[in-house]
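Commentary on secondary and tertiary structure
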Amino acid sequence: MRSFASRHIGTDGAAQSAMLSQLGYGSLAELMDAVLPKGIRAETPFGEPVSEAAALAELRGMADTNTVRRSAIGLGYHGTVTPAPIKRNILENPSWYTAYTPYQPEISQGRLEALINFQTMIAELAGLDIANASMLDESTAVVEGMLLARRASKAKGNVFLVDKDALPQTKALLEHRAAAVGIELREFTFDTIDAEGAFGALVQYPASCGLVRDPSPVIDAIHAVGGLAVVAADLLALSLVKSPGEFGADIAVGSSQRFGVPMGFGGPHAGFMATRKGIERQLPGRLVGVSKDSHGMPAYRLTLQTREQHIRRERATSNICTAQVLLAVMASMYAVYHGPEGIREIARAVHESAREVAGALKSAGYELATESFFDTVRFSAPGRAQEIADTARERGVLVHTPDADTVQVAVDEEWAETGVADLLAALGIEAAEATAGFGTELARTSEFMTHEVFSSFHSETALMRYMRRLSDKDYALDRGMIPLGSCTMKLNAAAEMEAITWPEFAGLHPFAPLSDANGSLELIDQLSDWLAKLTGYDIVSLQPNAGSQGELAGLLAIRGYHQSRGDEHRDLCLIPASAHGTNAASAVLAGLRVLVVATDALGNVDMDDLHAKIESNRDSLAALMVTYPSTHGVYEETIREVCDAVHEAGGQVYIDGANLNALLGHATFGDMGGDVSHLNLHKTFCIPHGGGGPGVGPVAAKQHLAEFLPRDPREAPLEVDGLTIGAQPVSAAPFGSASILPISWAYVRMMGESGLVEATAAAVLAANYVASRLKDHFPLLYAGENGLVAHECILDLRPLTEATGVTNDDVAKRLVDYGFHAPTMSFPVAGTLMVEPTESEDLTEIDRFIDAMIAIKEEADAVAAGTWPADDNPLVNAPHTSEEIVGEWTHPYDRTVAVFPAGGVGANRQSQAKYWPPVGRVDNAYGDRNLVCACPPPEAFEV
């Protein structure tokens, strides 16, 4: 029987022999011996692989030990009904989940349209002017709202006011994050608002206890001192209650989870942020805008990208370099499917169910905390709260107990569908007349979701065709190779994806009793243990729900470690010039200063500069952040020397795990001198990129840093308002994006040690094969010993540009005509392309890409030779659309050259599965100058 590894790795033995022959090596082992520095090789003893069927059977066994009870916990996580067409056609569809972040807008118009639908939905429900394309979760969005308020506020103080009735997990996250950047948190009640010295304030709306109240007193108080108001809002409630914008809020944040995305033991879910006009250029995260293409037609793109962390580095507005695109798309389609009136109907049904529960409680003699609520009812039960909760749990229902005298229940879409009889029975009360709920003075009268997209696709047939129409516009891994350097766009196998929609994993509330989550916790423990072994570390936290958050968690751990030893003065982080911008942004958010270390002509850390900067900053050195293999795609020979030098000066070494796909099974960060690393499960361990999220960024560390990492609530419980979470959180949920961890678990289990070792070698082989075949056409910018690269290579297009005028942007867009997603552009060096083919591509596809690059080089040479004008040739006009070639043709080259270039590289395959970009080249500058980040009117698309 064929192994899973042989399905995952695209090149078979014959193909690998041919590729090795091109390089002059006889085997994969010989190649790895030549490319890896001798001093870093390490054994990683690991288990044997199992079959797909066996892995799924083990997962099923773990899932069956979970106990999924009906949740009435609430607290930002709610039961919801995922429409079947959205589950099947988005969540389970590789056209959506294998796409990359839409940095190449011409081949991303489908998901960009879905995201602009999301932005429009959020902005209009929030009553504000502009919304971004999602955040990581609600609590993280609150932190980002706090940081945005500090940047944009006219107030001079360093105090941020926090609603006493904010969500408990949000309060805990604020406490951990604010301390690192010198922000003082001051808790308030509506009776005691002291805004003196404050730059911003957070109001929970509705409150954590369920209270729906007018937030104006807080908003007015913070505005009076020049600060900004942040409102954390419930998205479904906003269809019935007045929007934050109507009260004067500056920023609204929250979660779109209850718009059709399962709770999943904590995630992933799409958080959101919306703002008023005037501060949109400081908005964190991704932002989709409307521009125009080369034919003057509207086209979507990521706008204002110059504010993102990979460009601004330590001056970035945020360290977040991803979003939750797949989940935002699901939420937007939920809104499209139901429309504004359907959303109102769901909200009314939820509110009516809560009123029924409140009426029954009053009739039974319980005192309600408030009668102004949307979906959450809190009642007093002196001395009996735990007894009531235990009885309800025995009857299959989970409730929240803020303290020994108080019980809280929240209803949701699932309760509204089934009725609340089981909830009342679990509470031991009888049905009675419903109470009134929140007052009419707080009722929403303004319209929302008025664009026609929210009123056009309410039948399943219409929605199915709309989703298909959008996915047809996009290029994802189901179409062909995505050779993005530093992104590891490898196979996301169907067997790995199988378990994420199982209700035993998807239906758990993140704050369900841990004894109800035995299966999920067993999976988490196993995966954590495996990752620790594979990286050479002692402990792993799976909580960070993005690579950026894993970075931050690791740096906060280093900061905490130094402070625990009385070394508060150690606050300097050394970062090589070649590092990804997230490194510097994360260091600043961890309260560290950044000093850049030079790189030498070969792309390595400049050892002389490193030693000089260590020596001159010995007393203040906190850490060095270094990526290995380097961001230049090279295994640096001096990595042990680098680590030793930092340790000798009292610093810690953070090794960025972005390039672990070039090491797995052959070397470990811990053995080469790392103290802490983050990993990207959405790269090395096969969680799909989802068009720009979700991601998971576990942080792994040596034992001396363990107590400073995000903690497991089983080991270091932290109680906030009756809710038990883990200490030092970096995400809203204790176990982060737990529902997608089965993907990485399945990958490691099915590959085993032998498969992981071979996959790494196959990835390194593919990159060196590409480099070898293209080096005579495009100079290879960096290489290590023996002229070899790691798992990616950087092609230098600057000589081509100088000789022909053809830019790397022209080459990237021309690759679309050849049927490819472009490699990474101008990172880490401007004017270059970074290529990472991964282990999952077969030789036919790799050769097709190489042949396309060679053909494009010949086209550029033809431009230089005068065959085509410099301003009218297949490269500067790329990509070419189907509409363009059926219209009047005025170009000096044939239509076939435009859309089936080089006689059709891979002619048969290309003509049978031709990808047609829906728009011409998008005008980036126009989009930034003319900022439009909501759905354009239909007439904008008229020819």
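These figures come from a predicted structure and were not determined experimentally. (Residues numbered from 1 in each chain as written. Predicted model: local features only at pLDDT ≥ 70, side-chain atom pairs only at ≥ 80, totals over all residues. Heavy atoms only, no water.)

Some details on the overall build of the chain
Under the convention used in this document: Secondary structure elements follow DSSP: runs of H or I no shorter than four residues count as helices, runs of E no shorter than two count as strands, and numbering proceeds from the N terminus. We compute the radius of gyration over the C-alpha atoms and compare it with the globule rule, which gives 2.2 Å times the number of residues raised to the power 0.38. Under the scheme applied here, a residue whose accessible area is under 20% of the maximum for its type counts as buried, over 50% as exposed, and between as partly exposed, the area being computed with a 1.4 Å probe on protein chains only. For the accessible areas, the method is Shrake-Rupley and the probe is 1.4 Å, while residue cover comes only from the protein chains on display.
Within the chain, the secondary structure is distributed over 32 helices and 27 strands. Taking 2.2 N^0.38 as the reference for a compact globule, 943 residues should give roughly 30 Å; the C-alpha atoms of the chain span a radius of gyration of 27 Å, in line with that estimate. Considering only C-alpha atoms, the chain reaches an extent of 85 × 70 × 60 Å along its principal axes. Each of the 943 residues in the chain was classed as buried or not, and the buried ones make up 65%. Of the roughly 30500 Å² of accessible surface on the chain, 48% is carried by carbon and sulfur atoms.

A few points about the sheet that holds strand β25 (residues 793–796)
Stated formally: When DSSP finds two or more bridges between a pair of strands, those strands are recorded as paired.
The strand order across the open sheet built from three strands is β25-β27-β26, with neighbouring strands paired in antiparallel fashion. Where the open sheet ends on each side, the last strands, each with one partner, are β25 and β26 (824–825). As defined by bridge partners, β25 adjoins strand β27 (residues 832–835) across four bridges and the pair is classed as antiparallel. Residue Leu 795 lies in a different strand from β27, and its bridge partner there is Leu 833.

Re helix α8 (residues 138–152)
Heads up, the condition is: Here the expected span of a helix is defined as 1.5 Å times the quantity of residues minus one.
Between its terminal C-alpha atoms α8 stretches 20 Å, which fits the 21 Å expected from 15 residues at 1.5 Å a residue. The buried fraction of α8 is high, at 13 of 15 residues.

So, the pattern of salt bridges
Worth spelling out the cut-off: The term salt bridge refers to a side-chain nitrogen of Lys or Arg lying within 4 Å of a carboxyl oxygen of Asp or Glu.
Overall, the coordinates contain 43 salt bridges when judged by the stated rule. Between Asp 529 and Lys 533 there is a salt bridge whose closest N-O contact spans 3.5 Å. Taken together, the positions of Asp 529 and Lys 533, both in helix α19 (residues 518–535) and four residues apart, correspond to about one turn of that helix. Judged by its relative accessible area of 38%, Asp 529 falls in the partly exposed class. A salt bridge links Glu 859 to Arg 814, with the shortest nitrogen-to-oxygen separation between them at 2.8 Å. Residue Glu 859 is located in helix α28 (residues 843–864), and its partner Arg 814 is located in helix α27 (residues 808–817); the two are separated by 45 residues in the primary sequence. Counted as one network, the salt bridges with shared partners bring together Glu 341, Arg 344, Arg 348 and Glu 447.

Examining the packing of aromatic side chains
For clarity, the threshold we go by: A pair of aromatic rings is counted whenever rings of Phe, Tyr or Trp (Trp by its six-membered ring) have centres within 6.5 Å, and the orientation is called stacked for planes under 30 degrees apart, edge-to-face for over 60 and tilted otherwise. Whether a charge sits over a ring depends on NZ of Lys or CZ of Arg being within 6 Å of the ring centre and within 35 degrees of the ring normal.
The final tally for this structure, using the stated rule, is 19 aromatic pairs. Plain terms: the ring middles of Phe 685 and Tyr 747 are 6.4 Å apart, the flat faces sit at 80 degrees to each other, and that makes the pair edge-to-face. Taken together, the residues Phe 685 in the loop between β21 (676–678) and β22 (699–701) and Tyr 747 in helix α25 (residues 741–774) connect sequence positions 62 residues apart. Across the pair, exposure class does not vary: Phe 685 and Tyr 747 are buried alike. Ring pairs connect the aromatic residues Phe 46, Trp 530 and Trp 745, which therefore count as one cluster. Above the face of the Trp 502 ring, Arg 60 is positioned so that its terminal group lies 4.0 Å from the ring centre. One residue, Lys 914, lies across the ring of Trp 916, its end atom 5.0 Å from the ring centre.

A short note on the domain arrangement of the chain
Quick reminder of the rule: Segment limits for the domains were obtained from an automatic or database-derived domain assignment. By definition in these notes, contact holds between two residues if any of their heavy atoms fall within 4.5 Å. Buried area adds together the accessible area that both of two parts lose upon being put together, with accessible area traced by a 1.4 Å probe.
Splitting the chain by domain gives domain 1 (43–49 + 537–749), domain 2 (94–333) and domain 3 (754–929). Its C-alpha centre places domain 2 at a distance of 37 Å from the equivalent point of domain 3. On the side of domain 3, 21 residues touch domain 2, which itself brings 18 residues to the contact. For the pairing of domain 2 and domain 3, the buried interface totals around 1700 Å² over both sides, and the portion due to carbon and sulfur atoms is 54%. On the domain 2 side of the interface with domain 3, the three residues burying the most area are Gln 104, Glu 106 and Ile 107, jointly 37% of the side's total.

Considering the nonpolar core
Stated precisely, the cut-off is as follows: The criterion is simple. A nonpolar core is a set of buried Ala, Val, Leu, Ile, Met, Phe, Trp, Tyr and Cys residues joined through side-chain atoms within 4.5 Å.
Counting residues in each nonpolar core, the largest one holds 255 residues, and the members touching the most others are Met 121, Phe 259, Met 333, Tyr 635, Leu 663 and Phe 849. The biggest single contributor to this core is helix α12 (residues 325–363), with 21 residues. Non-local contacts of Met 333, meaning those with residues more than four positions away in its chain, are made with Ile 86, Ile 90, Ala 114, Leu 463, Tyr 466, Met 467 and Leu 470. Among the nonpolar cores identified, the runner-up in size contains 62 residues, and Ala 232, Ala 579, Ala 584 and Leu 589 belong to it.

Focus: the packing of helix α4 (residues 52–64) against α25
Going by this rule: To obtain an axis, a line is fitted to C-alpha atoms, over the contacting stretch when the element is a helix, and the angle between two such axes runs from 0 to 180 degrees between their N-to-C directions. We call two directions roughly parallel when the angle between them is under 35 degrees, roughly antiparallel when it is over 145, roughly perpendicular when it lies between 65 and 115, and oblique otherwise. Helix crossings get a hand from a simple test, with the near helix turned counterclockwise from the far one by less than a right angle marking a left-handed crossing and a clockwise turn marking a right-handed one.
Contact pair α4 / α25: the axes reach a minimum separation of 10 Å and the direction vectors enclose 135 degrees. As far as their axial angle goes, α25 and α4 are oblique. Read as a crossing pair, α4 and α25 show a hand that is right-handed. For the pair α4 and α25, the contacting residues are Glu 52, Ala 55, Glu 58, Leu 59 and Met 62 in the first and Pro 742, Trp 745, Ala 746, Arg 749 and Met 750 in the second.

Structural notes on the side chain of Glu 836
Note the cut-off: In this count, Lys and Arg are taken as positive residues and Asp and Glu as negative ones, while His and the chain termini are left out. Here a polar contact is taken to be a pair of N or O atoms separated by no more than 3.5 Å, where protein atoms must pair a possible hydrogen donor with a possible acceptor and residues adjacent in sequence count only if both atoms sit in side chains.
On the secondary structure map, Glu 836 appears in the loop between β27 and α28. Buried and unpaired, Glu 836 has no salt bridge, with Lys 683 as the nearest side chain of opposite charge at 6.8 Å. Within the local environment of Glu 836, its side chain forms a polar contact with the side chain of Thr 488, the two groups lying 2.7 Å apart. Each residue touching Glu 836, except ones within four places of it in the same chain, is listed here: Ile 482, Pro 483, Leu 484, Gly 485, Ser 486, Cys 487, Thr 488, His 791 and Glu 792.

As for empty space enclosed by the protein
Heads up, the rule is: A pocket, in this scheme, is an open set of points on a 1 Å grid over the protein atoms alone with protein on both sides within 12 Å along at least 5 of 7 lines, while a cavity is a set where a 1.4 Å probe fits but cannot get out; residues line either one if an atom lies within 4 Å of a point. Grid points are joined across faces, edges and corners, and a volume is the space filled by probe spheres set on the points. In the scheme used here, Gly and all other residues not listed as nonpolar or charged are polar, with Ala, Val, Leu, Ile, Met, Phe, Trp, Tyr, Cys and Pro taken as nonpolar and Asp, Glu, Lys and Arg as charged.
This structure, assessed with the given rule, holds twelve cavities of 30 Å³ or more. One number sums up the size of the largest cavity: a volume of about 250 Å³. As for the largest cavity, its lining consists of 24 residues, and the residues nearest its centre are Leu 75, Gly 76, His 78, Leu 167 and Asp 234. At the level of secondary structure, the elements contributing two or more residues to the lining of the largest cavity comprise β5 (198–205), β7 (251–255) and β15 (406–410). Per-class residue counts for the lining of the largest cavity are nine nonpolar, eleven polar and four charged. By volume, the second largest cavity is sized at about 190 Å³.

Section: the UniProt feature "modified residue: N6-(pyridoxal phosphate)lysine" (unreviewed entry) in the chain
Just so we agree on the cut-off: UniProt positions are given in the numbering used here, feature names are shortened, and annotations may be inferred rather than shown by experiment.
Mapped onto this structure's residue numbering, the UniProt feature "modified residue: N6-(pyridoxal phosphate)lysine" (unreviewed entry) falls at Lys 683. Note on placement: Lys 683 falls in the loop between β21 and β22. Overall, Lys 683 belongs to the buried group, its relative accessible area being 11%. There is a polar contact of 2.6 Å between the side chain of Lys 683 and the backbone oxygen of Ser 486.

Quick word on the environment of Leu 128
By the element assignment, Leu 128 lies in the loop between α7 (109–126) and β2 (130–131). Taking the C-alpha atoms as reference points, Leu 128 and Thr 275, 147 residues apart in sequence, are found 5.7 Å from one another. Those residues in contact with Leu 128, other than ones at most four positions away along the chain, are Ala 123, Gly 245, Ala 249, Asp 250, Ile 251, Ala 252, Ala 274, Thr 275 and Arg 276.

Notes on the sheet that holds β7
Across the sheet, seven strands lie side by side as β2-β8-β7-β6-β5-β3-β4; this open sheet has mixed pairing. Strands with a single pairing partner mark the edges of an open sheet, and in this sheet they are β2 and β4 (184–188). Judged from the five bridges that link them, strand β3 (residues 159–163) and β4 form a sheet pairing that is parallel. Pairing of Phe 160 across the sheet is with Leu 185, part of β4. Across the sheet, α7 lies against β2, β7 and β8 (271–275), angled at about 60 degrees from β8, the strand it touches most. Those strands touched by helix α10 (residues 216–224) are β3, β4, β5 and β6 (228–233), and its axis lies near 170 degrees from that of β5.

Concerning the environment of Leu 59
Positionally, Leu 59 belongs in helix α4. Taking the C-alpha atoms as reference points, Leu 59 and Met 263, separated by 204 residues in sequence, lie 19 Å from one another. In this structure, Leu 59 is in contact with Ala 499, Trp 502, Phe 505, Leu 523, Pro 742, Trp 745 and Ala 746, ignoring residues within four places of it in sequence.

Structural notes on α19
Taking 1.5 Å per residue as the helical rise, α19 with its 18 residues ought to reach 26 Å, and the 26 Å between its terminal C-alpha atoms agrees with that figure. The set of residues buried in α19 consists of Gly 519, Ser 520, Leu 521, Leu 523, Ile 524, Leu 527, Ser 528, Trp 530, Leu 531, Ala 532, Leu 534 and Thr 535. Next to the buried residues of α19 lie α4, α18 (503–506), β16 (539–541), α24 (669–672), β22 and α25. At the exit of α19 stands Gly 536, carrying a positive phi of roughly 75 degrees.

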